[in-house]
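Chain by chain, the residues:
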Amino acid sequence: MTGGTPSAPQPPGGVGEAPSFHDMWRDLAPIGRDADTRGYRRFVWTAADAECRAWFQGQAEVRGLTYELDRNGNQWAWDGDPAAGDAVVTGSHLDSVPDGGAFDGPLGVVSSFAALDELRRRGAVLTRPLAIVNFGDEEGARFGLACVGSRLTSGQLTVEAAHRLRDADGISLPQAMERAGYDPDAIGPDHERLARIGAFVELHVEQGRALDLSGDAVGIASAIWPHGRWRFDFAGEANHAGTTRLVDRRDPMLTYAETVLAARREAELAGAVATFGKISCEPNGVNAIPSLVRGWLDSRAADQATLDTVVTAIEQAAKERAERDGVDLTVVRESFTPVVEFEHALRDELAKILGGHTPVLGTGAGHDAGILSGAIPTAMLFVRNPTGVSHSPAEYAGEDDCVAGVIALADVLEGLACR
């Protein structure tokens, strides 16, 4: 990104010159980027995650902000007294899905620092504490559960359940935290911290094309669709691919394939979405019939009844096909988030600050703001994504739209924290 980005003024106290939006984006961009795919692999408690965390801490320190690392590994940068209460918080996350794009999460964090710089340029005087946060493990790419940092903080994920999480290599969450230099025994609900927050506003690149179709650079979130993840285990019989007759096979891959097609069919009929995007196979040999195929279903819909209908139909289709193929089926719901209606009063206040022309739209993507909505007032801003592509290296937001997002976030923060 070049040109047109918000300026970065000298922070109070002469700590140092705050980097511009462009400089922050440039410095963050190489971290965790795969040389071959050009996608990002910023998984929690890895070297790339540590670099992202160091970058965040550096941005806090150069602006003279009070830096904190909470018990769940979330990072905070405070302008004002954290203990004063009724704080306004903004931010997002820095981790990624496997080979994810540059904007999902980081745009919200970079924009938060840039919005604070814009407030200082305006000479705005805070009347409430203001904080920027980087929530850990939002994507859940390593341990299979999204929004671990915010779930732990809000009490939606128990310590016992968190300690049972394993990555693909069998490494537990506590082991990963210890190797990264953190204390897994300290994790857990942080209600005292949440009680000091009066509002949380998360800026995020839109994961869809609603704003592109409406011609708007920035939008306000109305709600997050209910969504969940289900693991389907198809257990068959390992055998030789060259010598076993088709009629003698108990091939779980066949059952899995039919289930994938059923998911597409049922989602299309219901106006929902359903995706099998992750799979593991044992023994995973070219000339071997699998003994076990494990697939993960992600499904989302505009309402709970529709989501229930879709997932039930997919399970039924899988069960019927498994019986025909002589395959055993086990389905486990690994995570679920009900519909999130962002607090109407805060949402309406954002609309008032930004003007009545700002569109209000729903989303099928989950976010930390949705997880926290049951504990504190939350709201979201979306920045236009001209292609609608997300969770891919092709994910994109134009420079002018990113600048518009920073200005909109600064306007919101000024309206909430400087009144």
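None of the values given here were measured: they were computed from a predicted structure.

Asker: Just checking my understanding: could you explain the nonpolar core for this structure?
Answerer: Soluble globular proteins tend to pack their nonpolar side chains together in the buried interior. One finds W55, L107, F113, L350 and L381 to be the most contacted residues of the largest nonpolar core, which totals 49 residues. Looking at which element gives the most residues to this core, the answer is helix α13 (residues 399-417), with 9 residues. Those residues in contact with L381 that sit more than four places away from it in its chain are V201, E202, L203, H204, G219, I220, L350, L354, A408, L409 and V412. Among the nonpolar cores identified, the runner-up in size contains 21 residues, and W76, V133, I224 and M380 belong to it.

Asker: Just checking my understanding: could you explain the side chain of S112 for this structure?
Answerer: Relative to the elements of secondary structure, S112 occurs in helix α3 (residues 106-122). When its relative accessible area of 1% is taken as the criterion, S112 is described as buried. Ignoring any residue separated from it by four or fewer positions in sequence, one finds S112 in contact with T90, G91, I132 and L409.

Asker: I tried to follow unusual backbone geometry on my own but got confused; where do I start?
Answerer: Phi is mostly negative for residues that are not glycine, and the peptide bonds are mostly trans. Cis geometry marks the peptide bond from E282 to P283; its omega dihedral reads 0°. With respect to the secondary-structure elements, P283 resides in the loop between β9 (273-282) and β10 (288-289). For R38, which is not a glycine, the phi torsion comes out positive at approximately 65°. Assignment of secondary structure puts R38 in the loop between α1 (21-28) and α2 (47-62).

Asker: Would you mind going over the environment of A210 with me for this structure?
Answerer: Note on placement: A210 falls in helix α8 (residues 210-214). Given a relative accessible area of 37%, A210 falls into the partly exposed group. As for A210 and Q156, which are separated by 54 residues in sequence, their C-alpha atoms are 30 Å apart.

Asker: Explanation requested: the packing of helix α11 (residues 344-354) against α13 in the structure shown.
Answerer: In a packed pair of helices, the relevant descriptors are the angle between the two axes and the axis-to-axis distance. The geometry of α11 relative to α13 is characterised by a closest axis approach of 9 Å and an angle of 115° between their N-to-C directions. Considering their axes alone, α11 and α13 lie roughly perpendicular with respect to each other. Pair α11 / α13 crosses with right-handed handedness. Counting all contacts with α11, which are made through L346, E349, L350, I353 and L354, the residues of α13 involved are A408, D411, V412, G415 and L416. In the contact of α11 with α13, the residues fall into 7 nonpolar, 1 polar and 2 charged.

Asker: Help me out: how do you make sense of the pairing of strand β1 (residues 66-69) in this one?
Answerer: Side chains on a regular strand alternate between the two faces of the sheet. Where β1 lies against strand β2 (residues 75-79), 4 bridges are found, and the strand directions are antiparallel. The residue bridging T66 from the neighbouring strand is W78, located in β2. Linking β1 to β2, which pair antiparallel, is a turn of 5 residues; within it G73 sits at a positive phi near 85°.

Asker: Please explain the sheet that holds β9 as it appears in this structure.
Answerer: Within a sheet, neighbouring strands are paired by backbone hydrogen bonds and run either parallel or antiparallel to one another. Read from one edge to the other, the open sheet built from 4 strands follows the order β9-β11-β7-β12, with strand pairing classed as antiparallel. Each end of this open sheet is capped by a strand with a single partner; those strands are β9 and β12 (328-337). Sheet twist, expressed as the average angle between the axes of neighbouring strands with direction ignored, equals 15°. The strands touched by helix α9 (residues 252-270) are β7 (227-235), β9 and β11 (292-300); relative to β9, the strand with the most contacts, the crossing angle is about 170°. The strands touched by helix α10 (residues 304-325) are β7, β9, β11 and β12; relative to β7, the strand with the most contacts, the crossing angle is about 5°.

Asker: Would you take a moment to explain the pattern of salt bridges for this structure?
Answerer: Any two side chains of opposite charge can pair, so long as their charged atoms come close to each other. Counted under the stated rule, the structure contains 26 salt bridges. Two residues, D233 and R294, come together in a salt bridge whose shortest N-O distance is 2.7 Å. Residue D233 is located in strand β7, and its partner R294 is located in strand β11; the two are separated by 61 residues in the primary sequence.

Asker: I would appreciate a short explanation of the environment of A48 in the present structure.
Answerer: For A48, the location among the structural elements is in helix α2. Sequence separation between A48 and P30 is 18 residues; the distance between their C-alpha atoms is 9.7 Å.

Asker: What exactly am I supposed to notice about the packing of α3 against α13 here?
Answerer: At a closest axis distance of 8 Å, the pairing of α3 and α13 adopts a crossing angle of 60°. With respect to α13, the axis of α3 lies oblique. When the axes of α3 and α13 are compared, the crossing they make is right-handed. Seen from α3, the contacting residues are L107, S111, S112, A114, A115, E118, L119 and R122; seen from α13, they are C402, V406, I407, L409, A410, D411, L413 and E414. Its residues assigned to classes, the contact of α3 with α13 comprises 10 nonpolar, 2 polar and 4 charged.

About the thresholds
Residues numbered from 1 in each chain as written. Predicted model: local features only at pLDDT ≥ 70, side-chain atom pairs only at ≥ 80, totals over all residues. Heavy atoms only, no water. Core = buried A, V, L, I, M, F, W, Y, C linked by side-chain atoms within 4.5 Å. Buried < 20%, exposed > 50% of the residue type's maximum accessible area, 1.4 Å probe, protein only. Helix = DSSP H or I, 4+ residues; strand = E, 2+ residues; numbered from the N terminus. Contact = heavy atoms within 4.5 Å. Axes fitted to C-alpha atoms, helices over the stretch in contact; angles between N-to-C directions. Parallel < 35°, antiparallel > 145°, perpendicular 65-115°, else oblique. Left-handed = near helix turned anticlockwise from the far one by under 90°. Nonpolar A, V, L, I, M, F, W, Y, C, P; charged D, E, K, R; others polar. Pairing = 2+ DSSP bridges. Salt bridge = Lys/Arg side-chain N within 4 Å of Asp/Glu carboxyl O.

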